[in-house]
Amino acid sequence: MSESRSSPVALPSSSDPGSDVRVLIVDDQAMIRAGFAALLNAQQGIDVVGTADDGEGIVDVVKRTKPDVVLMDIRMPKVNGLDATRHVLAESDEAPRILMLTTFDADEYVFSALRAGASGFLLKDAAPEELVYAVRVVAAGDALLSPQVTRTLISDYASRPATPRTDSTVEKLLTERELDVARLVARGHSNTEIAAMLFLAEQTVKTHVSRILSKLDLRDRVQIVVTAYETGLVRPGEAQS
């Protein structure tokens, strides 16, 4: 069986759509699409509502299938995942969460994808349980930013001139404790790790993260990382306080 390269494929629902996480898979490799769809449709509470082989026309596909999560390949022949992500988030009334599908070879695209609004990354050769976990995490509104991706971001910034702290907006908006939390999030630490490092309850850390997102009008903790490095709040090689 083969899929037409010019049109997306809608898949039948495998369970109650009222409570399922609706997933759209966008990848130019047919085996990736079929394998991911089969795996996810076999999970309770996850429903693959469609697949597409390119980012071209993806906004219309999203509007028709109404996914909660889009698994988006970065490299596609016509419209790549970066541009497709920008279009989806800018033009969709209820924008889904975008989980980028990548390989080690695509590391140079990581920062651009995060700036475009992606909520996380997943390696194409990830274990099946990692794929399922990633979909559930992103669907729940959290970001999936592994230490590996964080290191890529830091390496990217390390190769650039140091960012001067010319914009004090972040420092003015956040309390000292929120700044501490933001810096640690930017360095890739989990809430559990931050709680231990700052001698706080984990729930308190979660509250601080929520306030940071609200005050800075950010989408998720991925955007905290991007903002921290862009504004110079955190700089590569800087000692942790």
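See the structure shown above.
A brief look at the structure comes next. In this text the structure is predicted, and so the values were computed from the model without any measurement.

## Side note on the pairing of strand β5 (residues 97–102)
Most of β5 sits inside the fold, with six of its six residues counted as buried. The pairing of strand β4 (residues 69–73) with β5 spans five bridges and is parallel. Looking across to β5, one finds that Leu 71 is bridged to Leu 99. Between the parallel pair β4 and β5, the chain is carried across by helix α3 (residues 81–91), and the sense of this crossover is right-handed. Across four bridges, the pairing between β5 and strand β6 (residues 120–123) is parallel. Across the sheet, Thr 102 pairs through a bridge with Leu 123, a residue of β6.

## A few points about the packing of helix α2 (residues 58–65) against α3
Where α2 contacts α3, the two axes come as close as 9 Å, and the packing angle between them is 50°. It follows from the interaxial angle that α2 and α3 lie oblique. Judged by the sense of rotation from one axis to the other, the crossing of α2 with α3 is right-handed. Contacts between α2 and α3 pair Ile 58, Val 59, Val 62 and Lys 63 from the former with Ala 84, His 87, Val 88 and Glu 91 from the latter. Partitioning the contact of α2 with α3 into residue classes produces five nonpolar, one polar and two charged.

## Some words on the packing of helix α8 (residues 176–186) against helix α9 (residues 191–198)
Following both chains from N to C, one finds α8 and α9 inclined at 130°, their axes separated by 10 Å at the closest point. As the angle between them shows, α8 and α9 are arranged oblique. As for how α8 packs across α9, the hand of that crossing is right-handed. Listed contacts from α9 to Arg 177, Asp 180, Val 181, Leu 184 and Val 185 of α8 are Ile 194, Met 197 and Leu 198. Taken together, the residues of the contact of α8 with α9 break down into six nonpolar, no polar and two charged.

## Brief notes about the pattern of salt bridges
Enumeration over the complete set of coordinates arrives at seven salt bridges. The partner of Lys 124 in a salt bridge is Asp 27, and the shortest N-O contact between them spans 3.0 Å. Highlighted residues: Lys 124 in the loop between β6 and α5 (128–139) and Asp 27 in the loop between β2 (21–26) and α1 (30–41), separated in sequence by 97 residues. Of the two residues, Lys 124 and Asp 27, neither departs from the other in class, the shared state being buried. Look at the salt bridges and you will find they share partners, linking Asp 27, Asp 73 and Lys 124 into a network.

## Thoughts on the pairing of β2
Here β2 lies mainly inside the structure; five of its six residues are buried. With six bridges joining them, β2 and strand β3 (residues 46–52) adopt parallel strand pairing. In the strand pairing of β3, Ile 25 is matched with Thr 51. After leaving β2, the chain enters α1 and then returns to the sheet as β3, a path that is right-handed. Across four bridges, the pairing between β2 and β4 is parallel. Residue pairing across strands places Leu 24 opposite Val 70, the latter belonging to β4.

## Examining unusual backbone geometry
Positive phi, normally seen in glycine, also occurs at Phe 199, with a value near 55°. Relative to the assigned elements, Phe 199 resides in the loop between α9 and α10 (202–216). Notably, Asp 217 is not glycine yet its phi reads approximately 55°, a positive angle. Tracing the chain through its elements places Asp 217 in the loop between α10 and α11 (221–230). Residue class for Asp 217 comes out exposed when judged on its relative accessible area of 71%.

Calculation rules
Residues numbered from 1 in each chain as written. Predicted model: local features only at pLDDT ≥ 70, side-chain atom pairs only at ≥ 80, totals over all residues. Heavy atoms only, no water. Buried < 20%, exposed > 50% of the residue type's maximum accessible area, 1.4 Å probe, protein only. Helix = DSSP H or I, 4+ residues; strand = E, 2+ residues; numbered from the N terminus. Pairing = 2+ DSSP bridges. Right-handed = clockwise from strand over helix to strand, strands pointing away. Axes fitted to C-alpha atoms, helices over the stretch in contact; angles between N-to-C directions. Parallel < 35°, antiparallel > 145°, perpendicular 65-115°, else oblique. Left-handed = near helix turned anticlockwise from the far one by under 90°. Contact = heavy atoms within 4.5 Å. Nonpolar A, V, L, I, M, F, W, Y, C, P; charged D, E, K, R; others polar. Salt bridge = Lys/Arg side-chain N within 4 Å of Asp/Glu carboxyl O.

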